[in-house]
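# Fold and geometry: a report
Spelled out, the chains give:
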Amino acid sequence: MSLLHIQAEGNILLDALREILLHGVLDTLKIVPFLFLTYLLMEFIEHRAGDKAESFMKRAGIFAPAVGGALGAVPQCGFSAAASNLYAGRVISLGTVVAVFLSTSDEMLPILISGSVPLVTVLLIVLYKALVGIMVGLLVDLVLRAMKKPAEAINIDAICDEDNCHCERGIWYSALHHTLTISLFVLLVTIGINALVFFVGEETLGSVMHGIPVLSHIIAALFGLIPNCAASVALTTLCTEGLISAGTMMSGLFSGAGVGLLVLFKVNKHPRENFLVVGIVLAAGVIFGLVGDLIFPIEMFL
């Protein structure tokens, strides 16, 4: 291979890297205003209704999983972490915390909205996640009651305030902090996707991900367990780019409860219960992700 040929290939590679980085930056900058406005609205909801939502869930009795699943779908900051604390203090049931984890959307909502996904599709996905969370949560509590598992006394000392939202500095700071953090994740994910598409090819990636549906759902569900926003950002972005199916995305989003699982393992001193929650959300993620592929064809995202 001649020196000129090697130099030419090097120039092509550099040009490709510049294009990948440039498109990644431009694509990210386009969604920053939408992200900020969405997070500002979410922070406003959290400040106005967060405490009332928790109080309502505490008083719901056997219907608490239904309330938790419905409230978990409402975009607000740190609700899964709050549910973990309430369960550790035995204020809410196991089924309720499962319902919240399954229905919570983490970063899905801002990414879908900023990605120009039709509003009807976004609302249907949120509704589907809430209904699955409610159904699974009620079933878990029903099984526990059938087993006649005795209810434990409320342990106030286990209930603590986890600061995950920087809410003490006001909604503007918190919204800006979330926007900058998620924008960085979006930039990294977008650059990674652009690089994959360039070096591997979009058709090859699509055929691999769509050709192994069950395995891809299992991988997505395991990936969703990562206890930060990176997982939901990556999964949602891959879906909006058409590289994975809506059901595969939802498999990861069902199991992804943001920092909720991390807080659960930190504050709940019963590891078997914590791993049971992980098993339930993983199984539900795979099963209802597969069902989601039948309900949400990729065309609904275009």
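Check the entry above for the structure.
To keep things clear, this report deals only with the structure shown in the data block. (Residues numbered from 1 in each chain as written. Predicted model: local features only at pLDDT ≥ 70, side-chain atom pairs only at ≥ 80, totals over all residues. Heavy atoms only, no water.)

Right, let's talk about the packing of aromatic side chains for a bit. Taken as a whole, this structure holds three aromatic pairs when the rule is applied. Where Y128 meets F296, the ring centres are 5.6 Å apart and the plane angle is 65°; that geometry is what we call edge-to-face. Placement of Y128 in helix α6 (residues 119–146) and of F296 in the segment after α13 (271–295) is noted, with a sequence separation of 168 residues between them. Of the two residues, Y128 and F296, neither departs from the other in class, the shared state being buried. Here F265 and F275 contribute two aromatic rings whose centre-to-centre distance is 5.1 Å and whose plane-to-plane angle is 75°, an arrangement assigned as edge-to-face. Of the two residues, F265 is situated in helix α12 (residues 260–267) and F275 in helix α13; the sequence distance between them amounts to 10 residues. Exposure remark for F265: the relative accessible area of 35% places this residue in the partly exposed category. (Phe/Tyr/Trp six-rings, centres within 6.5 Å; stacked < 30°, edge-to-face > 60°. Helix = DSSP H or I, 4+ residues; strand = E, 2+ residues; numbered from the N terminus. Buried < 20%, exposed > 50% of the residue type's maximum accessible area, 1.4 Å probe, protein only.)

A word on the packing of α6 against α13. For the pair α6 and α13, interaxial distance at closest approach is 11 Å and the crossing angle is 140°. With respect to each other, α6 and α13 are oriented oblique. The two elements α6 and α13 meet at a crossing, and its hand is right-handed. When α6 is examined against α13, the residues Y128, V132, M135, V136 and V140 are found in contact with a partner set consisting of I280, A284, F288, V291, G292 and I295. Of the residues assigned to the contact of α6 with α13, the class counts are 10 nonpolar, one polar and no charged. (Axes fitted to C-alpha atoms, helices over the stretch in contact; angles between N-to-C directions. Parallel < 35°, antiparallel > 145°, perpendicular 65-115°, else oblique. Left-handed = near helix turned anticlockwise from the far one by under 90°. Contact = heavy atoms within 4.5 Å. Nonpolar A, V, L, I, M, F, W, Y, C, P; charged D, E, K, R; others polar.)

Here we come to the nonpolar core. The tendency in soluble globular proteins is for nonpolar side chains to be buried as a group. In terms of nonpolar packing, the biggest core is built from 49 residues, with V97, F101, V136, M249, M250 and V277 touching the most fellow members. When near neighbours in sequence (up to four residues on either side) are disregarded, V277 contacts L94, V97, V98, F101, L261 and L264. Counting residues in each nonpolar core, the second largest holds eight residues, with I111, I182, I193 and A234 among its members. (Core = buried A, V, L, I, M, F, W, Y, C linked by side-chain atoms within 4.5 Å.)

With respect to the helices and strands, the residue S251 is situated in helix α11 (residues 246–255). Engagement of the side chain of S251 in a polar contact is seen with the backbone oxygen of G285, the distance being 2.9 Å. If we skip the residues at most four places from it in the chain, S251 touches H217, A220, A221, G285, V286, G289 and L290. (Polar contact = N/O pair within 3.5 Å; in protein donor to acceptor, adjacent residues only side chain to side chain.)

Here we take up a nonpolar patch on the surface. Judged by side-chain polarity, I212, V214, L215, I218, I219 and L222 come together as a nonpolar surface patch covering roughly 500 Å² of accessible area. Structurally, the position occupied by I212 is in the loop between α8 (202–211) and α9 (213–224). (Patch = residues over 30% accessible without salt bridge, like charges linked within 9 Å, V, L, I, M, F, W, Y side chains within 5 Å. Areas by Shrake-Rupley, 256 points an atom, 1.4 Å probe, with all protein chains shown as cover. Salt bridge = Lys/Arg side-chain N within 4 Å of Asp/Glu carboxyl O.)

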